[in-house]
Amino acid sequence: MKNILVGQSGGPTAVINSSLYGVIKQGFLYRDEHIEHVYGMVNGIEGFIRGDYLDMEKEFSTETLEQLKTTPAAYLGSCRYKLPDSLDDIVYSKLFARLNQMNIGYVLYIGGNDSMDTVSKLSRYGSRINSPIRFIGVPKTIDNDLTLTDHTPGFGSAAKYVASTVREIAIDASIYNTKSVTIVEIMGRHAGWLTGASALARQFEGDNPVLIYLPETDFDENTFIKQIEKAFETKKNLVVCVSEGIHDSDQKFICEYGNSIGTDNFGHKMLAGCGKYLENLLRSKLGIKVRSVELNVTQRSCTAQISMTDLNEAIEAGSYAVISALHGHTGEMVAFRRISESPYKVVCTLQNVDDICNQEKTVPIQWISENHADVTEEFITYTRPLIQGNVTVPVKDGLPAFVYRK
């Protein structure tokens, strides 16, 4: 019998713990048959290198394990640690020595693009030394930018939150009989899936948000101002949604015009502030009432808007990863294949993680309007099934009951 080791990495989602639940639950089903223990890395691969891990059987009761499904953030803790590109680095021999010492047979890593890079490197090193350990990636990201999968767990709930919040903002913005613009800044570096989901907020033709800007196309300030002026011809209160990663034709992020930005361990620029920059731009150019709202981490931590579809698929992804590893698969990521649009239905498959890591799936250009300020009906048709269904979050003393790491 072997042990399972599971970790979480990168930015969390409202359902990343649902995938962890799927791994733990499925792993427990195989106890006394194939699996002896299910261990969890504390703070991902970085924490495991330090020797930090937990025994999941000792960590959860039956009640708290069920509550895990609706607990936001990453229960095990996360990291943004980049494994060395050279497989000759000593960190790999140390890692595998620890894995062997713990009798680990299966490593499951829940995360996005950079996490799949970790799975790729570990599986390639394992292959080099003929290790029997199996490595499987479990997808998650609100950005929905992983390739070779119809969508990723986490996106549906974040999209539901964005659409619901933008609808609320639009109602609030409409109460005064004066010209106003509310700019909503939404996460999305190079892929505008989440910002595009704001279109679901509309209840009728011409409803807010009137303009939606994604990073898949170049953003021009002069065109933006003209489109605002045009929209004012038929509507006084405008809501405009923008991706944090919108850029000009020189590929300079719009937020860089307002402030300097740093980079993370993977070399990604840490974006924020394009909404505030555009707020100041419109105020100075048009002299109107403008405010900006940055949704920030609430997009990935709100449990009040979890999509039941998203939660169930996240659990299924974790369960499928365990089954796949036990059947001998390695160096692969669980993926979704949509087999029916109406009724909506997906199945789990496996894809080579080497073809996924360090790649990004962006919104197809044909799903963006010709004026680059909206999404098409094809985008709506793709996204709407992912936000369906409501989840009842356990409550104690009037507030959500979440589980915390001991």
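Above this text you will find the structure in question.
Analysis parameters
Residues numbered from 1 in each chain as written. Predicted model: local features only at pLDDT ≥ 70, side-chain atom pairs only at ≥ 80, totals over all residues. Heavy atoms only, no water. Helix = DSSP H or I, 4+ residues; strand = E, 2+ residues; numbered from the N terminus. Rg over C-alpha atoms; globule rule 2.2 N^0.38 Å. Buried < 20%, exposed > 50% of the residue type's maximum accessible area, 1.4 Å probe, protein only. Contact = heavy atoms within 4.5 Å. Areas by Shrake-Rupley, 256 points an atom, 1.4 Å probe, with all protein chains shown as cover. Pairing = 2+ DSSP bridges. Axes fitted to C-alpha atoms, helices over the stretch in contact; angles between N-to-C directions.

Draft legend 1. Seen up close, the overall build of the protein. When helices and strands are counted, the protein shows 13 helices and 13 strands. On C-alpha atoms alone, the protein measures out to a radius of gyration of 22 Å, which is about the 22 Å that the 2.2 N^0.38 rule sets for 406 residues. A principal-axis box enclosing the C-alpha atoms of the protein has dimensions of 70 × 45 × 40 Å. In the protein, which comprises 406 residues, the share counted as buried stands at 58%. For the protein, the proportion of contacts with a sequence separation of at least 24, taken over those separated by at least 6, is 76%. A total accessible area of about 17,300 Å² is found for the protein, and carbon and sulfur atoms account for 47% of it.

Draft legend 2. A look at the side chain of Asn113. Position of Asn113 relative to the elements: it lies in helix 6 (residues 113-128). If we skip the residues at most four places from it in the chain, Asn113 touches Leu146, Ile356, Cys357, Asn358, Gln359 and Glu360.

Draft legend 3. Expanded view of the sheet that holds strand 3 (residues 53-55). Judged by pairing direction, the sheet is mixed, and its 7 strands sit side by side in the order 3-2-1-4-5-10-11 without closing on themselves. Single-partner strands in this sheet number two, and they are strand 3 and strand 11 (344-352). Strand-to-strand twist across the sheet, computed as the mean angle between neighbouring axes with direction ignored, equals 30°. Relative to the sheet, helix 12 (residues 308-326) contacts strand 1 (2-8), strand 2 (35-41), strand 4 (104-111), strand 5 (134-139), strand 10 (332-341) and strand 11, its axis offset from that of strand 11 by approximately 35°.

Draft legend 4. Layout of the environment of Lys230. Mapping Lys230 onto the fold places it in helix 9 (residues 221-231). Classification of Lys230 by relative accessible area gives exposed; the value is 54%. With 138 residues separating them in the primary sequence, Lys230 and Tyr92 have C-alpha atoms 58 Å apart.

Draft legend 5. A look at unusual backbone geometry. Here the amide bond leading from Asn208 into Pro209 is cis, since omega sits at 5°, within 30 degrees of zero. The residue Pro209 is located in the loop between helix 8 (193-196) and strand 7 (211-213) in this model. Omega for the bond connecting Ser342 with Pro343 falls within 30 degrees of zero, at 5°, which places this linkage in the cis form. Mapped onto the fold, Pro343 is located in the loop between strand 10 and strand 11.

Purely geometric numbers; function is a separate question.
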